[in-house]
Amino acid sequence: KSDLYSPIRQKLIQNASHEIEIDGLKILPIHCILSRFGMYCPSANSIGKKIIKNFDVVYITNWYYHLGMTMSKIAHKFNVPFIVGPMASLQKEGKKIKKRQKFVLDQIYTKKMLQNANAFHCVGNQEKKSLLKLGVTPNKIHIINNGIVRTDKKNISSKIFERINLDIKKYSFIVTVGRIDKKKGLDILIKSFALISKKNRNVVLIIAGTGTDEYIQQINNLVKKLDLNTKVRFTGFVSEKEKLHLFKTAKLFVLTSH
């Protein structure tokens, strides 16, 4: 809903159920009407029956959303192999979010999805353990960790450091980039940084990304409690150019998670 995403969002809304192209990729926007209940899509079933048989394979990313569950069901019906990548949605912390809705979805879809999936793509061993607990056959599970696309672009610059009032000639910085969410474990990073900061007074922590106001306030309160007000900088949303500039200039990039 953010204005920062409005150009892409408007393009998607204006072309619901019609194929468009974004950054060279063909996209079929499918509108959902109930974001709080598995992103419910009324047209998912009819669209799925039209398009799924034209594909060689279907990849379902994440677990708890109506579109993915519907498409996996249709793929099985048309004998099109489908792969499921849980993307942390089966982890303990992830399961706590919208617990009741997920319980209902489990009763309707999960058992069939587990039985019918041709393969499961896990990012790390924790996801594999979650699937094994659910009774998935080990030979269906494949661990492929997230890759990194390196960029050799030179002379990347932006006004990100002016925006957060940081003199990078005077200070080194650690950066984390991503959604500011409880399951991301930013509390772990901030408590760790408090220890680092005592020994390295010229190091700053930059937290780039957006999240819920409530959780951002919790993180801010922790920063104040640990007396890190001058050492932790929140950027809010960062553009692609600003993100690359942060990566290029940072002393260290940290990705945390519970």
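**A short note on the environment of lysine 184**
So, point 1. Mapped onto the elements of the fold, lysine 184 is located in the loop between β7 (172-177) and α8 (186-199).
So, point 2. On the accessibility criterion, lysine 184 (28% relative accessible area) is partly exposed.
So, point 3. C-alpha of lysine 184 to C-alpha of leucine 255: the two residues are 71 residues apart in sequence and 8.3 Å apart in space.
So, point 4. Setting aside chain neighbours within four positions, we find lysine 184 in contact with Arg179, Thr256, Ser257 and His258.

**Quick notes on the sheet that holds strand β4 (residues 82-85)**
So, point 1. Overall, parallel pairing links the four strands, which are arranged β3-β4-β5-β6 in an open sheet. The outermost strands of the open sheet, each flanked by one partner alone, are β3 (58-61) and β6 (141-143). The average angle at which neighbouring strand axes cross in this sheet is 25°, direction not considered.
So, point 2. As paired elements, β4 and strand β5 (residues 119-122) share two bridges and run parallel to each other. Among the inter-strand pairings, isoleucine 83 is bridged to a residue of β5, identified as alanine 119.
So, point 3. Its contacts with the sheet place helix α3 (residues 66-77) against β3 and β4, and it is angled at close to 155° to β3.

**Examining the nonpolar core**
Grouped burial of nonpolar side chains is what soluble globular proteins tend to show.
So, point 1. Ranked by size, the top nonpolar core spans 28 residues in total, and within it Trp63, Phe82, Val84, Phe120 and Leu131 carry the most contacts.
So, point 2. Going through the elements one at a time, α2 (44-51), β3, α3, β4, α5 (99-116) and β5 are the ones with two or more residues in this core.
So, point 3. Excluding anything up to four places from it in sequence, phenylalanine 82 contacts Val58, Ile60, Ser72, Ala75, His76, Met113, Asn116, Ala117, Asn118 and Ala119.
So, point 4. In terms of nonpolar packing, the next biggest core, distinct from the first, is built from 17 residues, Ile190, Phe193, Ala194 and Ile207 among them.

**With respect to the packing of α3 against α5**
So, point 1. α5 packs onto α3 with a crossing angle of 45° between their chain directions and a minimal axis gap of 10 Å. Here α3 lies oblique to α5, going by the angle between them. The way α3 lies across α5 gives a crossing that is left-handed. Side by side, α3 and α5 meet where His66, Gly68, Met69, Thr70, Ser72 and His76 of the first sit next to Leu105, Tyr109, Met113 and Asn116 of the second.
So, point 2. When its residues are assigned to classes, the contact of α3 with α5 shows four nonpolar, six polar and no charged.

Criteria and thresholds
Residues numbered from 1 in each chain as written. Predicted model: local features only at pLDDT ≥ 70, side-chain atom pairs only at ≥ 80, totals over all residues. Heavy atoms only, no water. Helix = DSSP H or I, 4+ residues; strand = E, 2+ residues; numbered from the N terminus. Buried < 20%, exposed > 50% of the residue type's maximum accessible area, 1.4 Å probe, protein only. Contact = heavy atoms within 4.5 Å. Pairing = 2+ DSSP bridges. Axes fitted to C-alpha atoms, helices over the stretch in contact; angles between N-to-C directions. Core = buried A, V, L, I, M, F, W, Y, C linked by side-chain atoms within 4.5 Å. Parallel < 35°, antiparallel > 145°, perpendicular 65-115°, else oblique. Left-handed = near helix turned anticlockwise from the far one by under 90°. Nonpolar A, V, L, I, M, F, W, Y, C, P; charged D, E, K, R; others polar.

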